[in-house]
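What follows is the residue order along each chain.
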Amino acid sequence: YSRINQKLIKEVVDLVFDLGESVTVHAPRYGGKRYFITQVRQALERAGVAPLVQLDLPRQQLIGTVDELYQQILCAVNQAAGEDLSEMCRQSPGSDGEQLLFSPIDNLVEKSGRPVILIVPHVDGMAHNLARSLLQAIRPRVQQGKIIVVLSGETDLRELVHGPNSEFNCAHQYVLQGFDLFEFRSQIS
């Protein structure tokens, strides 16, 4: 359990950048997750981490199909690779949806020759079965050293990333409890 501050941001960046470890961040709604993830991403960018892929899942509408999730992944990978998004984002995985779900990230790993940092804020912003599929796709790639993930979500995310029934076990889990006083003051001044 931690309050958001620069020390915590640095700790997470060090885990991801220096040690290649994956991280999950839990907090209630309006608990500072978006701010925290943004700060971690900016610190990773300043450190020169690449490729860095962030899935920006919609907050107002639930992602409900494999095709919708695939489109989000494809667009995020294309953006990270600096490619034209217009035509690439219209592709669809078709009937092999779950097997091809991570093919854009696999291609980016091959192309870059190094692990991809994957940031997925608001994992619980998709249908539960899709979140499970996403985590099932992530697990072997993390174990093979192909990707390093930073996940965030609200309280129901814990079932997905910890325990005997989880699809992805992550040793580094942080529960945010708002901002520390200095960080809070820096945001309102």
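Described in the following lines is the structure provided in the data block. Because the structure is a prediction, the values reported are computed rather than measured.

Here is what the cut-offs are and how they apply
Residues numbered from 1 in each chain as written. Predicted model: local features only at pLDDT ≥ 70, side-chain atom pairs only at ≥ 80, totals over all residues. Heavy atoms only, no water. Helix = DSSP H or I, 4+ residues; strand = E, 2+ residues; numbered from the N terminus. Buried < 20%, exposed > 50% of the residue type's maximum accessible area, 1.4 Å probe, protein only. Contact = heavy atoms within 4.5 Å. Polar contact = N/O pair within 3.5 Å; in protein donor to acceptor, adjacent residues only side chain to side chain. Salt bridge = Lys/Arg side-chain N within 4 Å of Asp/Glu carboxyl O. Core = buried A, V, L, I, M, F, W, Y, C linked by side-chain atoms within 4.5 Å. Pairing = 2+ DSSP bridges. Axes fitted to C-alpha atoms, helices over the stretch in contact; angles between N-to-C directions.

1. Quick notes on the environment of Q54
Stage number 1. Its location among the elements puts Q54 in strand β3 (residues 52-54).
Stage number 2. With relative accessibility at 16%, the residue Q54 sits in the buried group.
Stage number 3. Between the C-alpha atoms of Q54 and I37, which are 17 residues apart in sequence, the distance is 10.0 Å.
Stage number 4. Aside from chain neighbours lying at most four places away, what touches Q54 is I37, R41, A76, I119 and P121.
Stage number 5. Among the polar contacts listed, one links the side chain of Q54 to the side chain of D56, at a separation of 3.0 Å.

2. So, the pattern of salt bridges
Stage number 1. Applying the stated rule across the entire model yields three salt bridges.
Stage number 2. A salt bridge links D14 to K10; its shortest N-O distance comes to 2.7 Å. With D14 and K10 both in helix α1 (residues 6-17), this residue pair falls four residues apart, about one helical turn.
Stage number 3. Overall, the relative accessible area of 25% leaves D14 in the partly exposed class.
Stage number 4. For E45, the salt bridge is made with R41, and the minimal N-O distance between the two is 2.7 Å. Here E45 pairs with R41, and both are found in helix α2 (residues 33-46), just four residues apart, close to one helical turn.
Stage number 5. By relative accessible area, E45 is classed as partly exposed at 40%.
Stage number 6. Since its relative accessible area comes to 22%, R41 is described here as partly exposed.

3. A few points about unusual backbone geometry
Stage number 1. The peptide bond linking A50 to P51 adopts the cis configuration, its omega dihedral lying at -5 degrees.
Stage number 2. Here P51 is to be found in the loop between α2 and β3.
Stage number 3. With a phi close to 65 degrees, Y30 is a non-glycine residue in the positive phi region.
Stage number 4. In this structure, Y30 sits in the loop between β2 (23-26) and α2.
Stage number 5. Classification of Y30 by relative accessible area gives exposed; the value is 79%.
Stage number 6. Unlike most non-glycine residues, H122 shows phi in positive territory, near 65 degrees.
Stage number 7. In this structure, H122 sits in the loop between β4 (116-120) and α7 (128-143).
Stage number 8. When its relative accessible area of 12% is taken as the criterion, H122 is described as buried.

4. A look at the nonpolar core
Stage number 1. Core analysis: the largest hydrophobic core is formed by 33 residues, its most contacted members being L69, I73, F102, L118, I138 and I147.
Stage number 2. Of all the secondary-structure elements, those providing two or more residues to this core are α3 (66-81), α6 (103-112), β4, α7 and β5 (147-153).
Stage number 3. Beyond its immediate stretch of four places on either side in the chain, I138 contacts F102, L118, I147, V149, L151 and F168.
Stage number 4. Counting 24 residues, the second-largest nonpolar core is a separate cluster that includes I4, Y35, I37 and L176.

5. Some words on the sheet that holds β4
Stage number 1. With parallel pairing, six strands are arranged side by side in an open sheet as β1-β6-β2-β5-β4-β3. On the outer flanks of this sheet lie β1 (2-4) and β3, each paired with one strand and no other. Shown here is a sheet whose adjacent strand axes are inclined to one another by a mean of 25 degrees, direction ignored.
Stage number 2. For β3 and β4, the ladder comprises three bridges, and the chain directions are parallel. The residue of β4 that forms the bridge with V53 is L118.
Stage number 3. Contacts from α2 reach β1, β2, β3, β4, β5 and β6 (172-179), with the element oriented near 160 degrees to β3.

Purely geometric stuff here, so don't read any function into it on its own.
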